[in-house]
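# Structural characterization, general
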Amino acid sequence: MKKVISANQAVSYAVLAAKAQVIAAYPITPQSSIVEMLSGFCATGALQAKFINVESEHSAMAACISASVMGARTFTATSSQGLALMHELLHYASGLRLPIVMANVNRALASPFNLKADLSDSLSQRDTGWLQFYCESGQEVFDTIIQSYRISEKLLLPVMVNLEGFILSHTYEIVDLPEQSQIDLFLPPAPARECLDVDNPCMFGSTTDYYINFRYKMHQDMEEAKTFCSEIDAEFKKVFGRDYGLVSTYLCEDADLILVTAGTIAGTCRVVADRCRAKGMKVGVLRVRMFRPFPGKQICEPLRKAKKVAVIDRDFSPGCGGIFAQEVKASLQGINCGLPVYEFIAGLGGKDVTDKDIELIIEQTHKMPNRGESTWIGLLK
Amino acid sequence: MDRPAQIKFPIPEEELVYSGHTACPGCGAALAMKYVLKGLGPRTIIVIPPSCMGTIAAGFPFSSLKIPVLRIPFESTAISASGIRAALDVMGKEDIHVLAWAGDGGTFDIGLQALSGSAERNDNIIYVCYDNEGYMNTGIQRSSSTPAGAWTTTTPAPFVKDTPKKDIVRIMAAHNIPYIATASIGYPADLIRKVKKAKEIGGTRFILIFSPCPTGWRYSPEMTIRLAKLGTETGIFPLYEIENGEKYTLSSKRSEKPLRDYFALQGRFRNLTKENLQQFEERVEKEREYLKRLAG
Amino acid sequence: MKKRYSLKSLDTLPITAISFITTEGNETGEWRSQRPILDQEKCNRCGLCWMYCPDNAIHAEGGAFQISYTYCKGCGICAKECPRGAILIEKEER
Ligand SMILES: Cc1ncc(C[n+]2csc(CCOP(=O)(O)OP(=O)(O)O)c2C)c(N)n1
Ligand code: SF4
Ligand code: SF4
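Summary of the structure given here. (Residues numbered from 1 in each chain as written. Chains lettered and ligands numbered in written order. Predicted model: local features only at pLDDT ≥ 70, side-chain atom pairs only at ≥ 80, totals over all residues. Heavy atoms only, no water.)

## Examining the site of ligand 2
As a reminder of what qualifies: Nearness of a residue to a molecule or strand requires only that one of the residue's heavy atoms be within 4 Å of it. Amino acids outside the nonpolar list (Ala, Val, Leu, Ile, Met, Phe, Trp, Tyr, Cys, Pro) and the charged list (Asp, Glu, Lys, Arg) are all regarded as polar, and Gly is one of them.
Residues in contact with ligand 2, as listed here, are B:Cys24, B:Cys27, B:Cys52, B:Asn132, B:Met136, B:Cys213, B:Pro214 and B:Thr215. Residue classes in the shell around ligand 2 are distributed as 6 nonpolar, 2 polar and no charged.

Dropping the structure here:
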């Protein structure tokens, strides 16, 4: 059924379709409408789940963790400050190897306060052992949440699905909500795994010198995730006719300059790439959809044929620069590719990244020497 | 066990704690666990945050508890139990007790917010705080349960703690939860009776257990039970129950022993001044009057 | 407890720290610096020592109590609480 809904509503419908069993969440702008809608589904019985009205995001994640150790399918959603408050527990969730799925509505971190889109909140959590996806449309948000349950329940690793605050979360688009029977076929109840059980008692999560071994297992499974996520994506396409890839490329085949970015900025980049092509400039666009594990191979493959790369980050790591840029450079270094990478910081705190901004970025990559530093776009005068 | 007929007290024989655990000799917390699990039985799931009990439960690949255990973050004891309950509910499993177990640090301090959350929602869990009046696992630091006048490594002599112990029971009573009890490892039969009573009620139940710690309180380990009893006999740790936030029942008799007897046994009170002692006496007297009034 | 795991290799380890062995192999009796000796003649089988032992090192056997020196840490609680003075504490000789 096709419906005009916001991406936040797409999250809620996906969780309904996935038949989550325990949901614990705490409201925060711009995520609140997800919590409101889900609590409604649980109250009316549309979703046969326990909704826990927790007193903080910290407790939201703690409840998901313990419910998940019991074998329940769990969900939470948060944003920015809430995600930061969860930080300690994100490590617990992945360390206990729990298939928790979370939506994070990207928002800038205080201080100063800013309620709008900025990917620094989730990127600050990149080392917590969660898979991370960055979406571009309401449809992709819905589909990625459904995929995430399959992925997490196979790999026993938690998955964070990111969507930019307001720009995506509050934008209404047509979203195709598949038949429940189709969803059920693609996403059956979770396969059996080791859980807490009074008939077979054991202890989860104690102190150990085998820590390094368990981390190694996590590393192996993160590596496997790169292949497995592609397989799931392909299977998803067979059933629903849509796929997304770990990265999505546009006109990259013969491009001299490839713009690399994540989330909604990619759409604007494609419009500008079309314009450039009309003027005879060979510009391509690569959108990074999966950030953890980082699909370095899938990113380098299309890039290596280009002459220049410009990475546009709606995020930044003080003292280092754009976070996607650092990861892209590290991957290129890994394959001994000396391609010049230009770094641009744009759209922090929800600032619009317009077509003019992208054109300016392209112009700069032509004119400026590559000093290996980031260039900031859109500072207010 | 082949129980000698002479044993008079109503204590279940089944042990749900394995020997070989790593509590210090004479540990009150280990006894608290032994008694609570005797009361609850094997169909119990427990969550334990970082604390001495986390250590006593043992490191991987070992476990000293015969029930399922989840080791959880320090702040999250109550909500972790609530999450387990939620999962049991959706799975339709009803005959299982969910036990949240934390020290005073994990309860009075860092876990108070989550505990208040679970209590306000009246989540169906049993919360036990074993009270050893300090952060023992990290090396005897002050908690808000440490009494005034006590030495700890962060209230070093002569600058011992100058504020009284936080009254966690009143805080919990203000949540109007169905059942609250204070108990002591010095009185196992009373303790187990309270656990069994709690077990029969739904909603959030809170039990505070006085659990002397030889290592942190600086006394010789054989005195653990003596001290536990003295705590109650002197009126420092009165035993009572509160039902639905309003029905108070005292389970210990009027104290007769002088406070001095209790303090004298413990190295941590070596710096106690005359004024400290007097303040203590006044506070104990006030508390006794308060409880008597409420118990009617 | 789960017996199918072992510490032998990465493949036989559980996926995360899931404990699968009891602590009964940990002979805490080695910690002992003093040893409780139970005098069966004086003992009236009241069971207080059994009730108060933090290490479950006292158990009933054939209607009488026995101390397991495999686990007894020598805390001395049993001797202190025995109403008949039936348990004496001696220095541990090793
Ligand atoms: C967030 C966090 N802060 C600090 C610690 C360190 N820590 C571990 S146990 C502990 C003290 C525990 O005290 P309490 O709850 O009273 O239990 P006890 O050890 O006294 O039995 C502390 C401070 C931690 N594990 N997590
Ligand atoms: S420090 Fe105290 S509470 Fe901790 S194990 Fe030792 S005696 Fe028990
Ligand atoms: S000395 Fe302590 S550990 Fe040993 S049997 Fe007596 S009470 Fe138990």
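Now, onward.
## Side note on the nonpolar core
So the rule is basically this: For our purposes a nonpolar core is just a set of buried Ala, Val, Leu, Ile, Met, Phe, Trp, Tyr and Cys residues, chained together by side-chain atoms within 4.5 Å. The classification of residues rests on relative accessible area computed with a 1.4 Å probe and restricted to protein chains. Under 20% of the type maximum is buried, over 50% is exposed, and intermediate values are partly exposed.
Grouped together as the largest cluster of nonpolar side chains are 150 residues, with contacts concentrated most on A:Met61, B:Leu65, B:Trp101 and B:Phe206. If you look at the next biggest cluster of nonpolar residues, it comprises 56 residues, including A:Tyr13, A:Leu131, A:Tyr149 and A:Leu177.

## Describing the interface of chain B and chain C
Applied cut-off: The contact criterion used throughout is that any non-hydrogen atoms of two residues lie within 4.5 Å. As a working definition, buried area equals the accessible area (1.4 Å probe) given up by two parts on being put together, with both sides summed. A side-chain nitrogen of Lys or Arg and a carboxyl oxygen of Asp or Glu constitute a salt bridge if their distance falls within 4 Å.
Listed per partner, the contact involves 45 residues of chain B and 40 residues of chain C. Between chain B and chain C, roughly 3400 Å² of surface is buried when both sides are summed, and carbon and sulfur atoms account for 62% of that area. When the buried area of chain B at its contact with chain C is split by residue, B:Ser19, B:Phe60 and B:Pro61 rank highest and sum to 18% of it. At the boundary of chain B with chain C, the tally comes to 1 salt bridge.

## Some words on the pattern of salt bridges
Pairing is possible between side chains that carry opposite charge, provided their charged atoms lie close to one another. The condition is simple: Put simply, DSSP H or I for four residues or longer makes a helix, DSSP E for two residues or longer makes a strand, and each gets a number counted from the N terminus.
A full pass over the atoms with the stated rule returns 50 salt bridges over all chains. Here A:Glu235 makes a salt bridge to A:Arg150, at a shortest N to O gap of 3.0 Å. Of this pair, A:Glu235 sits in helix 8 (residues 211–240) while A:Arg150 sits in helix 6 (residues 138–155), and the two are 85 residues apart along the sequence. With relative accessibility at 30%, the residue A:Glu235 sits in the partly exposed group. Here C:Arg4 and A:Glu194 are joined by a salt bridge, their closest N and O atoms 3.2 Å apart. On the criterion of chain membership, the pair formed by C:Arg4 in the segment before strand 1 (18–19) and A:Glu194 in the loop between helix 7 (180–186) and strand 9 (203–204) is interchain, its members lying in two chains. Bridged by salt links that share partners, the residues B:Asp190, B:Arg193, B:Lys194, B:Lys197, B:Glu241, B:Glu243 and B:Lys247 form one connected network.

## Points about the interface of chain A and chain B
Convention followed: Contacts described as polar in this section are N or O atom pairs within 3.5 Å, which, within protein, must combine one atom able to donate a hydrogen with one able to accept it, while residues neighboring in sequence count only if both atoms come from side chains.
At the interface, 38 residues of chain A touch 37 residues of chain B. A per-residue breakdown of the area chain A buries against chain B is headed by A:Met70, A:Val198 and A:Met203, which together make up 24% of the total. Along the contact surface separating chain A from chain B lie 2 salt bridges. The shortest N-O distance in the salt bridge between A:Lys50 and B:Asp89 comes to 3.7 Å. Between chain A and chain B we count 11 residue pairs in polar contact (both at pLDDT 80 or more) in total. For the side of chain A that touches chain B, the secondary-structure elements that each account for two or more residues are strand 3 (50–53), helix 3 (57–69), helix 4 (80–95) and strand 9 of chain A. Looking at which element gives the most residues to the side of chain A that touches chain B, the answer is helix 3 of chain A, with 7 residues. Residues belonging to the side of chain A that touches chain B are distributed by class as follows: 21 nonpolar, 12 polar and 5 charged.

## Details of helix 3 (residues 77–90) of chain B
Residue and element names in this part refer to chain B. Quick reminder of the rule: In this scheme, a helix's expected span is set at 1.5 Å multiplied by one less than its residue total.
With 14 residues, helix 3 extends 21 Å between its outermost C-alpha atoms, agreeing within 8% with the 20 Å of an ideal straight helix rising 1.5 Å per residue. Within helix 3, 12 of the 14 residues are buried, which leaves it mostly tucked inside the rest of the structure. Two residues or fewer past helix 3, Gly92 is found with a positive phi of approximately 70°.

## Considerations on the sheet that holds strand 7 (residues 205–210) of chain B
Keep this limit in mind: Any two strands with at least two DSSP bridges between them are considered paired. All axes are obtained by fitting lines to C-alpha atoms, using only the stretch in contact for helices, and the reported angles, taken between N-to-C directions, cover 0 to 180 degrees.
Reading across the sheet, the 10 strands line up as 9(B)-8(B)-6(B)-7(B)-5(B)-4(B)-1(B)-3(B)-9(A)-1(C) and stay open at both edges, with mixed pairing between neighbours. Where the open sheet ends on each side, the last strands, each with one partner, are strand 9 (247–250) of chain B together with strand 1 of chain C. Pairing analysis gives 2 bridges linking strand 9 of chain A to strand 3 (residues 69–71) of chain B, with the strands arranged parallel. Its bridge partner being in strand 3 of chain B, A:Met203 is matched across the sheet by B:Val69. Across the sheet, helix 1 (residues 28–40) of chain B lies against strand 1 (44–48), strand 4 (97–103), strand 5 (126–131) and strand 7 of chain B, angled at about 170° from strand 4 of chain B, the strand it touches most.

## Some points on the sheet that holds strand 6 (residues 131–134) of chain A
Residues and elements named next belong to chain A. Overall, mixed pairing links the 7 strands, which are arranged 3-2-4-5-7-6-13 in an open sheet. The open sheet has two edge strands with one neighbour each: strand 3 and strand 13 (290–292). Looking at each pair of strands side by side, their axes are set apart by 20° on average, direction ignored. Looking at chain direction, strand 4 (residues 74–78) and strand 5 (residues 101–106) are connected through 4 bridges and run parallel. Its bridge partner being in strand 5, Thr78 is matched across the sheet by Asn104. Against the sheet, helix 6 touches strand 4, strand 5, strand 6 and strand 7 (159–164), its axis set at about 165° to strand 7.

## Considering the packing of aromatic side chains
For the record, the criterion: Note on aromatic pairs: the rings of Phe, Tyr and Trp (six-membered ring only in Trp) are paired at centre separations within 6.5 Å, and the planes decide the class, stacked below 30 degrees, edge-to-face beyond 60, tilted for the rest.
Applying the stated criterion across every chain yields a total of 25 aromatic pairs over all chains. Judged by centre distance (5.6 Å) and plane angle (80°), the ring pair of A:Phe291 and A:Phe294 falls under edge-to-face. Note on accessibility: A:Phe291 and A:Phe294 belong to one class, buried. Measuring from centroid to centroid gives 4.6 Å for B:Phe210 and B:Phe237, while their planes differ by 25°, and the two rings are stacked. Here B:Phe210, found in strand 7, pairs with B:Phe237, found in the loop between helix 9 (224–233) and strand 8 (240–243); they are 27 residues apart in sequence, far enough to count as distant. For B:Phe210, a relative accessible area of 0% puts it in the buried group. The exposure class assigned to B:Phe237 is buried, which follows from its relative accessible area of 5%.

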